[in-house]
Amino acid sequence: MRSIHQTFLEMGRHQKRAIFMAIDGIAIVMCMVAAMAFRFGELDFPDRSNLTWLLVALPIVGIVAYQILGLYSVLIRAMESRMIAIVAGGAVTLMLFVAAASHMDSGFDIPRAVPPIFAILVFFSVGLTRVIARAYYQHVNTGLSIRENVLIYGAGSAGTQLAAAIQSGHQQRVVGFLDDDPLLKGTMIRGCRVYAPDRVAKLQQRFNVTRVLFAMANATPTQRRGIVARLAPYKLELQTIPPLSDILRGKADVQQLKEIRIDDLLGRSAVSPISRLFDEAIQDKNILVTGAGGSIGSELCRQILKARPRKLILLEISELSLYNIEKRLNKHLPDDSEIEIVYALGDVRDRRRVRTLLLRHGVDIVYHAAAYKHVPIVEANPSQGIMNNIFGTFTIAQEAVSSGVERFILISTDKAVRPSNIMGASKRIAEQVVQNIQATTDGTVFAIVRFGNVLGSSGSVINLFTEQIHNGGPVTVTHEEVTRYFMTPQEAAQLVVQAGSLAEGGEVFVLDMGEPVRIKDLARLMIQLSGKSVRDDDNPDGDIPIEIIGLRPGEKLYEELLITDRVVGTVHPKILRAEEKSDAEGPAIADLLRRLERDIESEDPNRLRLTIQGAVEGYTSDVEEITYRGGQTAEVLSLEEQRAFRQKGH
């Protein structure tokens, strides 16, 4: 047999609304009678018979007034703050009606004290029915299901909205707010007390709290990192509301909670794209993206599609990567879209393939993201890294000029600045190649955009740490003090497009990467986010240790973004223009490319490294030239061959 409360909860909104209207009508009549009784001190007041029509009219007027004011549209379980104003407005309306009725009808005279007493009674009686209904709703829901106790971090407007949303449901119960503002400590918000963050341990024990919800939409990543570190010892689940920019634009709601990701802690406060820069670069253009299946290339394609180009050509050497990006783009492309997308397999070093694509599709802009980027792999395969990163850039840049491309944007890296590895050195030479081609042409505008690590990209330390934590550790860090810059793929792609719009010819644009992050701190943060603790000397019973394994070949402690200190701002606060010129003139670059070709053909990686060393500032190989007796220079040997050569007494 169904219980009464289950029947009530399952009623339709119209049925519940009719019940409340009936209750309000009865309450209004009783309030009028009570007001007269208060005034005369008894129920047998004068002209009682002449009040009949007024007692009939009052509930009709009251219900109509409250309907117009929206009282019956407010969810009882939410108990929004505007309900107080609505109830008060209806009470005032009824008071004015009673006062007017007294003056219009000479058959009875209502004392002047009665209307305000009546209004006060209406306010409390109608409001009380809502309070009782809400308490009943919460009691019933508590009995129907076991609710999770949660704390909300942030007692501002976002936290208040989140609490209201939670209180309207029955899955969770807000037991308090946490806030760093000492002025808010001890205050009450929606029936919940605000506590200082150092009370977390006591609150967790007292209320059996299992989750903390971040309601600080405008908090910086640095502030978020500090809060996560502070809450880490308690092993609470952490969730956050969407970014403030999405909430303001209506793309997300404050109650759309998600797990806190490392992106939320390492990214920077979002800066909306300057629509003029973004749209002018893309709209009605034919765009070619090389390396379109990679981390940056694929995000570039997604961002470019939002600005509605005429045609988007994706050039990718990996069939699997091209297949994956095709699936992702087709999934988000509107059915009525007129954008033509071309998925092209090919190598940027294939001059004929590149020329065909540029001419056949009338390409206006090239975003060159194709590159081998994993430092240890390129270090072990220098010839392939140089062929792809340098000669691939040289080929497509030349063909861009020949094909009349308007703009060519080279995606570079912070590792190109005073590089300590082949990957960075190859990207630095690619930058010089582009700058020298720009010096010989007025038709195509070339630009270089340099930035650091992209969160979640293939081979990223983020992915490595995630896998290691999943496997129970240890988490491996190469050095105690190694630091890196990080940026989200979305922000990087948007800034690349906007930087390209600012180009006038040969510039190096540097993206503001914010503050560098110490990788050991990143490892600790990711362990804490996973709900586990770090095992170290201070916490020998922790879950996962951090192990220092030493720097890998070609790895630097610190990354840089600028070769010189000369840098100027642009119209975009996150895009800077470095005043850098190529280290080598055209003939020197041509000679360098010829020597690199010969070194690659010789299949001698040590000779290749020495050539790079002589061409790139800051790069030092671990190869030494040795000399035969008699002053002749020997062919460059590997380090092991050199040691053996010396041991033989040469």
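Refer to the preceding data block for the structure.
Reading the values: rules and limits
Residues numbered from 1 in each chain as written. Predicted model: local features only at pLDDT ≥ 70, side-chain atom pairs only at ≥ 80, totals over all residues. Heavy atoms only, no water. Helix = DSSP H or I, 4+ residues; strand = E, 2+ residues; numbered from the N terminus. Buried < 20%, exposed > 50% of the residue type's maximum accessible area, 1.4 Å probe, protein only. Contact = heavy atoms within 4.5 Å. Areas by Shrake-Rupley, 256 points an atom, 1.4 Å probe, with all protein chains shown as cover. Axes fitted to C-alpha atoms, helices over the stretch in contact; angles between N-to-C directions. Parallel < 35°, antiparallel > 145°, perpendicular 65-115°, else oblique. Left-handed = near helix turned anticlockwise from the far one by under 90°. Pairing = 2+ DSSP bridges. Phe/Tyr/Trp six-rings, centres within 6.5 Å; stacked < 30°, edge-to-face > 60°.

K.L.:
Outline the overall build of the protein chain, listing residues and values.
P.N.:
From N to C terminus, the protein chain includes 23 helices and 23 strands. Within the protein chain, buried positions represent 49% of all 650 residues. Taking the contacts inside the protein chain whose residues are at least 6 apart along the sequence as the reference set, 72% of them involve residues at least 24 apart. Carbon and sulfur atoms form 52% of the exposed surface of the protein chain, whose accessible area is close to 31,800 Å².

K.L.:
Account for the environment of arginine 199, with residues named and values stated.
P.N.:
Structurally, arginine 199 is set in the loop between β4 (192-195) and α7 (200-207). Relative accessible area serves as the criterion here: at 30%, arginine 199 is assigned to the partly exposed category. Each C-alpha atom of the pair arginine 199 and leucine 178 lies 8.5 Å from the other, and the pair is 21 residues apart in sequence.

K.L.:
Outline the packing of helix α18 (residues 461-470) against helix α20 (residues 519-529), supporting the account with residue identities and numerical values.
P.N.:
Packing of α18 against α20 leaves a shortest axis separation of 10 Å and a crossing angle of 45°. Classified by the angle their axes make, α18 and α20 are oblique. Our pair here, α18 against α20, has a crossing hand that is right-handed. Where α18 abuts α20, its residues Val461, Ile462, Phe465, Thr466 and Ile469 lie against Ile519, Leu522, Ala523, Met526 and Ile527.

K.L.:
With reference to specific residues and values, describe the sheet that holds strand β15 (residues 475-477).
P.N.:
Strand order across the open sheet formed by 3 strands is β15-β21-β20, with parallel pairing between neighbours. The open sheet has two free edges, formed respectively by β15 and β20 (534-535), since each of these has just one partner strand. For β15 and strand β21 (residues 544-548), the ladder comprises 3 bridges, and the chain directions are parallel. When the bridges of β21 are listed, valine 477 appears paired with isoleucine 548. Against the sheet, α18 makes contact with β15 and β21, and its axis sits at roughly 145° relative to β15, the strand it touches most.

K.L.:
Outline the packing of aromatic side chains, listing residues and values.
P.N.:
The tally for this structure, following the rule as stated, stands at 3 aromatic pairs. With a centroid separation of 5.9 Å and 45° between ring planes, the pair formed by tyrosine 153 and phenylalanine 214 is classed as tilted. With a gap of 61 residues between them, tyrosine 153 in strand β1 (residues 148-153) and phenylalanine 214 in strand β5 (residues 211-214) connect regions that are remote in the sequence. Just as tyrosine 153 is buried, phenylalanine 214 falls in that class too. Aromatic side chains phenylalanine 408 and phenylalanine 446 sit 5.1 Å apart centroid to centroid with 45° between the ring planes, which places their arrangement in the tilted category. Placement of phenylalanine 408 in strand β12 (residues 407-413) and of phenylalanine 446 in strand β13 (residues 445-451) is noted, with a sequence separation of 38 residues between them. An identical accessibility class is assigned to phenylalanine 408 and phenylalanine 446; each is buried.

Everything listed here is a matter of coordinates, which is why it stays silent on function.
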